[in-house]
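# Structural overview
Given next are the chains, with one letter for each unit.
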Amino acid sequence: MYLLPAIDILGGKAVRLAKGDYNQVTVYNDDPVAQARAFEEAGAAWVHVVDLDGARSGVPENIAIVERIVRETSLNVEIGGGIRSLETLKRLADAGAARMVLGTALVNDPELARAAVDAVGGDRLTAGIDAKGGEVAVSGWIEGSGVAATDLARAMSEAGFRHIVYTDIARDGMQTGIDVQAYVDMAAAFGHPVIASGGVASVADIQRLAPVAASIEGVITGRAVYEGTLDVAEGVRMCAGLTAAEGGTAC
């Protein structure tokens, strides 16, 4: 298990949204690359980057910032938001992104999802499943899809995806704590451990995952690290400790 501090980019700045609402924006750093360096200095090996402009428009608008993070840090970058073509996917892969997250395209363009596996391999892809009430949301969380999150997880596993980020929209950016059982259910449907996202408020929330650590690949945290309720270095240590307790190896 490993920690993935989040950098959500909107208008070239590092921000957080409350419940995915573009009208509830808090700017935390004018320079996302500087924020990435800070996470690296705190001991993080991964960073989860979301191009919020791209998620809303369907066209990635912050690739240059992603390229700088890859170039100027040693972080493994997982990037999502607006990846709706093989061209974009390949550009991010060429830029050095460790993993690319497909979200809306999983529902709206399943052929792209399968082609992506052929193009870059399932281990470099993450299925980004964002849900509210068990239903997958798309287009930057603006629209419902009518698709059950567990059904989509099963389909993506069959397509060859080997990583999944599951976000509980109702909890995201709210620091309300996590729904442990939701991640266990998603891992069972996917057939592989999941990356948990949404509601992580403190290191205690990571500790709550201890009994189900075998179902958890990583933990994404955003607002908590920006507002000081979760220390990145402490979170990294906690994740590594849970991995050791499971007898595995940290990534």
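Residues numbered from 1 in each chain as written. Predicted model: local features only at pLDDT ≥ 70, side-chain atom pairs only at ≥ 80, totals over all residues. Heavy atoms only, no water.

## Topic: the overall build of the chain
- Check the secondary structure of the chain and you find eleven helices and twelve strands.
- Taking the principal axes of the C-alpha coordinates as reference, the chain spans close to 40 × 40 × 35 Å.
- Expressed as a percentage of the 251 residues in the chain, the buried residues total 55%.
- Taking the intrachain contacts of the chain between residues at least 6 apart in sequence as the baseline, contacts between residues at least 24 apart amount to 69%.
- Summing over all exposed atoms, the chain offers an accessible surface of approximately 9800 Å²; the carbon and sulfur share of this is 47%.
- Counting 20 positive and 33 negative side-chain charges, the chain places the centres of these two groups 1 Å from one another. (Helix = DSSP H or I, 4+ residues; strand = E, 2+ residues; numbered from the N terminus. Buried < 20%, exposed > 50% of the residue type's maximum accessible area, 1.4 Å probe, protein only. Contact = heavy atoms within 4.5 Å. Areas by Shrake-Rupley, 256 points an atom, 1.4 Å probe, with all protein chains shown as cover. Lys, Arg positive; Asp, Glu negative; His and termini not counted. Charge placed at Lys NZ, Arg CZ, Asp CG, Glu CD.)

## Notes on helix α8 (residues 180-190)
- Among all positions of α8, only V180, A182, Y183, M186, A187, A189 and F190 are buried.
- Turning to α8, the residues buried within the fold contact β7 (125-132), α7 (149-159), β10 (163-168), β11 (194-197) and β12 (216-221).
- Just beyond α8, the residue with positive phi is G191, at close to 85°.

## Focus: the packing of helix α1 (residues 32-41) against helix α3 (residues 63-72)
- Closest axis-to-axis distance for the α1/α3 pair is 9 Å, and the angle between their directions is 35°. Considering the relative orientation of α1 and α3, their crossing is right-handed. Each of P32, V33, A36 and R37 in α1 lies in contact with α3, whose residues at this interface are I65, R68, I69 and E72.
- Looking at the contact of α1 with α3 residue by residue, the class counts come to five nonpolar, no polar and three charged. (Axes fitted to C-alpha atoms, helices over the stretch in contact; angles between N-to-C directions. Left-handed = near helix turned anticlockwise from the far one by under 90°. Nonpolar A, V, L, I, M, F, W, Y, C, P; charged D, E, K, R; others polar.)

## Describing the packing of aromatic side chains
- Counted by the stated rule, this structure contains four aromatic pairs.
- Here Y2 and W46 contribute two aromatic rings whose centre-to-centre distance is 5.3 Å and whose plane-to-plane angle is 20°, an arrangement assigned as stacked. One end of the pair, Y2, is in strand β1 (residues 2-10); the other, W46, is in strand β4 (residues 46-51), with 44 residues separating them in the sequence.
- Assessed through its relative accessible area of 5%, Y2 is described here as buried.
- An angle of 15° between the planes, with centres 4.8 Å apart, marks the rings of Y28 and Y226 as stacked. Of this pair, Y28 sits in strand β3 (residues 21-29) while Y226 sits in helix α10 (residues 223-226), and the two are 198 residues apart along the sequence.
- The class for Y28 is partly exposed, based on a relative accessible area of 22%.
- An aromatic cluster is defined as three or more aromatic residues linked by ring pairs; in this entry it consists of Y28, F39 and Y226. (Phe/Tyr/Trp six-rings, centres within 6.5 Å; stacked < 30°, edge-to-face > 60°.)

## What about the confidence of the model for the chain?
- Mean pLDDT for the chain: 89, with 91% of residues reaching 70 or above.
- Taking the mean pLDDT of every element in the chain, the minimum, 69, falls on strand β9 (residues 143-148) and the maximum, 98, on α1. (pLDDT = per-residue confidence, 0-100.)

## What about the environment of A36?
- With respect to the secondary-structure elements, A36 resides in helix α1.
- Those residues in contact with A36 that lie beyond four places of it in its chain are I7, I69, T73 and L75.

## Things to note about the pairing of β1
- With nine of nine residues buried, β1 lies mostly within the body of the structure.
- Pairing analysis gives four bridges linking β1 to β12, with the strands arranged parallel. Across the sheet, P5 pairs through a bridge with T221, a residue of β12.
- Relative to β4, β1 is paired through four bridges, and the arrangement is parallel. Residue pairing across strands places I7 opposite V49, the latter belonging to β4.
- Across three bridges, β1 lies against strand β2 (residues 13-18) in antiparallel orientation. Its bridge partner lying in β2, L10 is registered against K13.
- The antiparallel pairing of β1 with β2 creates a hairpin that spans two residues between the two strands, and G11 there sits at a positive phi of about 60°. (Pairing = 2+ DSSP bridges.)

## Describing the nonpolar core
- Of all hydrophobic cores here, the largest spans 68 residues; its most connected members are I7, V49, M100, L106, I129, F161 and V219.
- The greatest single-element share of this core, amounting to seven residues, is contributed by α8.
- Setting aside its immediate chain neighbours within four residues, I129 contacts L106, V136, A149, L152, A153, I164, V165, Y166, T167 and M186. (Core = buried A, V, L, I, M, F, W, Y, C linked by side-chain atoms within 4.5 Å.)

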